[in-house]
Number of protein chains: 2
Amino acid sequence: MLIGEYTHNIDVKKRLSLPSKWRKELGKKLVVTRGLDNCLFIYPLKEWEKITERIGRLPLGQADTRGFNRFFLSGAVEVEVDTVGRILVPDFLKEFARLTTKVVLAGIHDRVEIWDENRWTEYKKRIEGQADALAEKLGEIGVL
Amino acid sequence: MLIGEYTHNIDVKKRLSLPSKWRKELGKKLVVTRGLDNCLFIYPLKEWEKITERIGRLPLGQADTRGFNRFFLSGAVEVEVDTVGRILVPDFLKEFARLTTKVVLAGIHDRVEIWDENRWTEYKKRIEGQADALAEKLGEIGVL
DNA sequence: CCCGTGGTGGGAGATAGTGGTAAACTATGA
DNA sequence: TCATAGTTTACCACTATCTCCCACCACGGG
């Protein structure tokens, strides 16, 4: 279970250390891809394979499916964790998520999200402001 | 699995390097053909054979099937990868996809798509704008 | 206070992408 | 049939970037 929040730096060589707490669970091979709200998703290879298997079942031929495939698949890269626990973030993904050097890694269930620090704090502020409203919803569906 | 996005140049001799990451998977002989949305598709020869086999089973009586065949098959060219990992892009395909020198190679499942850089960025912007549609798809396949 | 661990930074060698030159092949006309 | 011009193919060369490895520093625990 990936939980918690860490702030790390992407260095000039596009290297990003993963929090040591997650390394065992994430494994040596990961997939980074475009996520929603302009962040990046990191999946362990196992999880990714499940996803692509399901993507394969989508009806091709439809324009919006093609669009989705392009967004999700061309936006994905398989990366290897180096000897000291870092991955390389390709330029086009850095650009997509508008990452500068300070970056937040957020654990969400079975994936990790990468956010630029500024965008993250801003996003959090917005969410926290709606916390009680969210709690009410969660109550409705029986989570809390 | 072909994934990721790379920007390369087509030189004056119409040569285009393939990303080194894909070379093993693509093999030495490829097929380039007209794709959908005004880009080009590249298939490894193996994949292409599967596709033509499937196309062959389509009912020839229908006018739109004939049209699709002509579009897809007459535009196909078999190319060889040279010693440093490049292919030659024929003029008529360059023209079809309006390729200038800067070109994007996008890995989608089992094929590679070639886009002119400008058209690609424009297309991506459009797709990213459809965040709710994307979220819905992601929900369908169980990512979110 | 020392040691182990985690995050960060840098340097040397290897490699990928690109451009150019030489050779070979094709076509055309005398 | 031969010569020449134009095009294509094969080979070589350069440079920016990436990879791999090692070193450093900060921090926390014993």
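The shown structure was predicted, so the numbers you read here are calculated from the model rather than taken from an experiment.

Thoughts on the overall build of chain A
Next up, step 1: The helix and strand inventory of chain A stands at six helices and eight strands.
Next up, step 2: Its C-alpha atoms give chain A principal-axis dimensions of about 40 × 40 × 30 Å.
Next up, step 3: Every one of the 144 residues in chain A was classed for burial, and the buried ones make up 31%.

Some words on the interface of chain B and chain A
Next up, step 1: Taken together, the contact pairs 19 residues of chain B with 19 residues of chain A.
Next up, step 2: No other element matches helix α6 (residues 131-140) of chain B, which puts five residues into the side of chain B that touches chain A.
Next up, step 3: Of the residues belonging to the side of chain B that touches chain A, the class tally is twelve nonpolar, four polar and three charged.

Some points on the protein's contact with DNA strand D
Next up, step 1: Within the structure, DNA strand D sits among K13(A), V84(A), L88(A), K13(B), D82(B), T83(B), V84(B) and L88(B).
Next up, step 2: Counted by class, the surface near DNA strand D contains four nonpolar, one polar and three charged residues.

What about the nonpolar core?
Next up, step 1: In this structure, V32(A), I114(A) and I114(B) are the most contacted members of the largest nonpolar core, which totals 64 residues.
Next up, step 2: Beyond its immediate chain neighbours, meaning those up to four positions away, I114(A) contacts C39(A), L40(A), I42(A), A97(A), L99(A), V103(A) and L105(A).

Details of the sheet that holds strand β4 (residues 40-44) of chain B
Residue and element names in this part refer to chain B.
Next up, step 1: An order of β1-β7-β8-β4-β3-β5 is seen for the six strands of this open sheet, with the pairing classed as antiparallel. Single-partner strands in this sheet number two, and they are β1 (2-9) and β5 (77-80). Recorded for the sheet is a direction-independent mean angle of 25° between the axes of neighbouring strands.
Next up, step 2: Examined bridge by bridge, strand β3 (residues 29-34) and β5 share four bridges and lie antiparallel to one another. Of the residues in β5, the one forming a bridge with L30 is V79.

Quick look at the sheet that holds strand β1 (residues 2-9) of chain A
All names here are of chain A.
Next up, step 1: Read from one edge of the open sheet, six strands run β1-β7-β8-β4-β3-β5, paired in antiparallel fashion. Both edges of this open sheet fall to β1 and β5 (77-80), since each of them pairs with a single strand only. Ignoring which end each strand starts from, the neighbouring axes of this sheet average 25° apart.
Next up, step 2: Here helix α5 (residues 117-129) sits on the sheet in contact with β1, β7 (102-109) and β8 (111-116), set at roughly 105° to β8.

Comments concerning the relation of the copies chain B and chain A
Next up, step 1: With an axial shift of 13 Å and an RMSD of 1.1 Å, the rotation relating chain B to chain A amounts to 23°.
Next up, step 2: Residue by residue, only 5% of the interface of chain B is reproduced at the interface of chain A, so the copies engage with different surfaces.

Remarks on unusual backbone geometry
Next up, step 1: At R98(A), a residue that is not glycine, the phi angle is positive and equals roughly 50°.
Next up, step 2: Residue R98(A) is classed as exposed on the basis of its 12 C-beta neighbours within 10 Å.
Next up, step 3: Phi is positive for H109(B), close to 60°, though the residue is something other than glycine.
Next up, step 4: Within the secondary structure layout, H109(B) lies in strand β7 (residues 102-109).

Let's talk about the protein's contact with DNA strand C
Next up, step 1: Close contacts around DNA strand C come from 18 residues, with D11(A), S20(A), H8(B), D11(B) and S20(B) the closest.
Next up, step 2: The set of elements that each furnish at least two residues to the surface near DNA strand C consists of β1 of chain A together with β1 of chain B.

Notes on α5(A)
Next up, step 1: For α5(A), which comprises 13 residues, the first-to-last C-alpha distance of 18 Å matches the rise-based estimate of 18 Å (1.5 Å per residue) to within 8%.
Next up, step 2: For α5(A), a buried count of one out of 13 residues is recorded, marking the element as mostly open to its surroundings.

Remarks on the pairing of strand β4 (residues 40-44) of chain A
Residues and elements named next belong to chain A.
Next up, step 1: Counting buried positions over the five residues of β4 gives four, a clear majority of the element.
Next up, step 2: The sheet contact formed by strand β3 (residues 29-34) and β4 spans five bridges and is antiparallel. Counterpart to V31 in the pairing with β4 is Y43.
Next up, step 3: In this antiparallel pair of consecutive strands, β3 and β4, the connection spans five residues, and D37 shows a positive phi of 60°.

Description of the pairing of β4(B)
Next up, step 1: Within β4(B), five of the five residues are buried, leaving the element largely enclosed by the surrounding structure.
Next up, step 2: Here β4(B) shows a buried face lined by L40(B), I42(B) and P44(B) and a second buried face lined by F41(B) and Y43(B).

Quick notes on the rules
Residues numbered from 1 in each chain as written. Chains lettered and ligands numbered in written order. Predicted model: local features only at pLDDT ≥ 70, side-chain atom pairs only at ≥ 80, totals over all residues. Helix = DSSP H or I, 4+ residues; strand = E, 2+ residues; numbered from the N terminus. Buried ≥ 20, exposed ≤ 12 C-beta atoms within 10 Å, placed from the backbone. Contact = placed C-beta atoms within 7 Å. Nonpolar A, V, L, I, M, F, W, Y, C, P; charged D, E, K, R; others polar. Near = placed C-beta within 6 Å. Core = buried A, V, L, I, M, F, W, Y, C linked by C-beta atoms within 7 Å. Pairing = 2+ DSSP bridges. Axes fitted to C-alpha atoms, helices over the stretch in contact; angles between N-to-C directions. Least-squares fit on C-alpha atoms with pLDDT ≥ 70 in both. Expected span 1.5 Å × (residues − 1).

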